[in-house]
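Listed here are the chains, written in short residue letters.
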Amino acid sequence: MKKYQGSMVALVTPFSNGKVDFAALEKMVEFQIQNGTTCLVVTGTTGECPTLTNEEHIEVIKRSVEVANGRVPVMAGAGSNNPVEAIALSNAAKEVGADSLLHNAGYYNRPNQEGLYAHFKMVHDNTDLPIFIYNVPGRTVVNISSETVAKLSKLERVVGIKDATGNLERPWLERNMIDKPFIFLSGEDSTAVSFNVAGGVGVISVTANVAPALVAKVQNLTLEKKWEEAAEQQLKLMKLHKLMFKEPSPAPAKYAASLLGLCKEDVRLPILPVSDSLRAEIKAEMQKLELI
């Protein structure tokens, strides 16, 4: 299996005139690889997967794989609250060359812990690629307990977790419960350094869409156990981290990417473009960080 650590981008899906802008996508993939990103995480929530058609979803994965050309792995968001759909997306992602899968808990139908385990096991048993569990209760309303994570880790191809709970106790607890190599990835930019202190080895970052080199620098310092330097660099990035979520994501990240000439700021409803006041804040912070 390929290595998953460091700065991994939760890549936005660029749009133009209502359609996926594949030329911009290719430019963004190259920009990420050239600036130290270690994995492309595509067709996740930041990639606006809820409003992609199935055909667009798979084509975004395919094009990302083609441009990456083996230089970094491509992790495909393939989650659904319907395990049958999650399996179909997973197998289609494999067909177009994805290296691994990201699967979230069942949103809206709100399963209990036994239902969550059954969902992930069904997906596991009917797919072939390594699976990362995605725990993001702020979006799914259900929280995958540490005990359920430990139980799921016993499945052969469940290899890690993207933890977006913000609960920095969890990696400590789960490391004591899991008795195999397991990859702990933060799904929250603002707590990523603290998460790595607790045993994490990387972040799936929204901020990396627009500041990949800076996010990679922070992550590389943590991997070298240079905690004070990592904390110093993280401090500089904190305002940008928070601005990326001041209004519904990924609109702030897309506006910021548009300032870099990477893509248009277009989003799909029900997400709206960012307000004028937030535009001014993002632009000022990017200038302060010498990104533009």
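Residues numbered from 1 in each chain as written. Predicted model: local features only at pLDDT ≥ 70, side-chain atom pairs only at ≥ 80, totals over all residues. Heavy atoms only, no water.

Trainee: Which parts of the structure should I look at to understand the packing of helix α1 (residues 22-34) against helix α2 (residues 54-68)?
Mentor: Packed helices, taken two at a time, are described by the angle their axes make and the gap between the axes. It is at 9 Å that the axes of α1 and α2 come closest, and there the two elements cross at 45°. By the criterion of interaxial angle, the relationship of α1 to α2 is oblique. For α1 against α2, the interelement crossing comes out right-handed. Note on element contacts: α2 touches α1 through E59, V60, R63, S64, V67 and A68, opposite F22, L25, E26, V29, E30 and I33. (Axes fitted to C-alpha atoms, helices over the stretch in contact; angles between N-to-C directions. Helix = DSSP H or I, 4+ residues; strand = E, 2+ residues; numbered from the N terminus. Parallel < 35°, antiparallel > 145°, perpendicular 65-115°, else oblique. Left-handed = near helix turned anticlockwise from the far one by under 90°. Contact = heavy atoms within 4.5 Å.)

Trainee: Got a minute to help me understand the packing of helix α3 (residues 83-95) against helix α4 (residues 113-125) in this structure?
Mentor: Two elements in contact, α3 and α4, have axes whose closest approach is 9 Å; the angle formed by their N-to-C orientations is 30°. Compared by their axis directions, α3 and α4 come out roughly parallel. Judged by the sense of rotation from one axis to the other, the crossing of α3 with α4 is right-handed. Facing P83, V84, A86, I87 and S90 of α3, the residues of α4 in contact are H119, M122 and V123. Its residues assigned to classes, the contact of α3 with α4 comprises six nonpolar, two polar and no charged. (Nonpolar A, V, L, I, M, F, W, Y, C, P; charged D, E, K, R; others polar.)

Trainee: Explanation requested: the side chain of K254 in the structure shown.
Mentor: Tracing the backbone shows K254 in helix α11 (residues 251-259). Exposure remark for K254: the relative accessible area of 0% places this residue in the buried category. Within the structure, K254 has its side chain in polar contact with the side chain of E48 (distance 2.6 Å). Beyond its immediate sequence surroundings of up to four residues, K254 is in contact with V12, T13, P14, F15, E48, C263, K264, E265, D266 and V267. (Buried < 20%, exposed > 50% of the residue type's maximum accessible area, 1.4 Å probe, protein only. Polar contact = N/O pair within 3.5 Å; in protein donor to acceptor, adjacent residues only side chain to side chain.)

Trainee: So what exactly am I meant to see when it comes to the pairing of strand β4 (residues 39-42) here?
Mentor: Taken residue by residue, a regular strand's side chains alternate between the two faces of the sheet. Where burial is concerned, the two faces of β4 agree: the one with C39 and V41 and the one with L40 and V42 are both buried. The pairing of strand β1 (residues 6-10) with β4 spans three bridges and is classified as parallel. Each residue of the ladder has a partner; that of V9, found in β4, is L40. As judged from the three bridges shared by β4 and strand β5 (residues 74-77), these two strands associate in the parallel manner. Directly across from V42, in β5, lies its bridge partner A76. Read as a crossover between parallel neighbours, the route from β4 over α2 to β5 is right-handed. (Pairing = 2+ DSSP bridges. Right-handed = clockwise from strand over helix to strand, strands pointing away.)

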